[in-house]
Amino acid sequence: MKFLEDSCRGSYHGKTTDFLNIYLNGYDGKLTAKNWSKLAEVSLDTATRDVKDLVAKGILSPIQGRVRDISYTLNYIAPDSRMFDFTGSAIISRDGKDYISTVYRGQKTIEERISSLDKIRFEQNEMSIEDIVYKYFAYLIE
């Protein structure tokens, strides 16, 4: 993901990048400092610092949970990205599978199958429709 690559370039140790890749590849747990600590094999203090730094850089956003549980979600969209190239975006179901459908540059409707985890994250407001469009169609943005 270009935004993530540009944002993280040279800033983080390999375990941080590895954990972000685990999450991007469909990790079905919540992204929390505690899970970060376990999966990246770093102390909870280090994981907490990493998470706070990623929030400060706009890569992660906190999601308030019950009581004091806070999880985080990835911000898939770079602030200056060309999301205006995509219109009429929607998640559709067909033959028991879920797809993201959007019109690219007002000319062509494009679709891509999305993971069930991304659909759940969308339904739980952990990902916006723009996040999903960017995740699956960022390669089209120049």
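Everything in this summary refers to the structure shown in the same document. (Residues numbered from 1 in each chain as written. Predicted model: local features only at pLDDT ≥ 70, side-chain atom pairs only at ≥ 80, totals over all residues. Heavy atoms only, no water.)

## A word on unusual backbone geometry
- The phi angle at Glu41 is positive, at roughly 55°, despite the residue not being glycine.
- On the secondary structure map, Glu41 appears in the loop between helix H3 (33-40) and helix H4 (44-56).
- Judged by relative accessible area, Glu41 falls into the exposed class, the value being 61%.
- Of note, the phi angle at Asn125 is positive, near 60°, even though the residue is not glycine.
- In this fold, Asn125 is placed in the loop between helix H5 (116-123) and helix H6 (129-137). (Helix = DSSP H or I, 4+ residues; strand = E, 2+ residues; numbered from the N terminus. Buried < 20%, exposed > 50% of the residue type's maximum accessible area, 1.4 Å probe, protein only.)

## Describing the nonpolar core
- Residues Trp36, Leu60, Leu74, Phe86 and Ile100 are the most contacted members of the largest nonpolar core, which totals 32 residues.
- The element that contributes the greatest number of residues to this core is H6, accounting for six residues.
- If sequence neighbours within four positions are ignored, Ile100 has contacts with Ala90, Ile91, Ile110, Glu111, Glu112, Ile114, Ile129, Ile132, Val133, Tyr136 and Phe137. (Core = buried A, V, L, I, M, F, W, Y, C linked by side-chain atoms within 4.5 Å. Contact = heavy atoms within 4.5 Å.)

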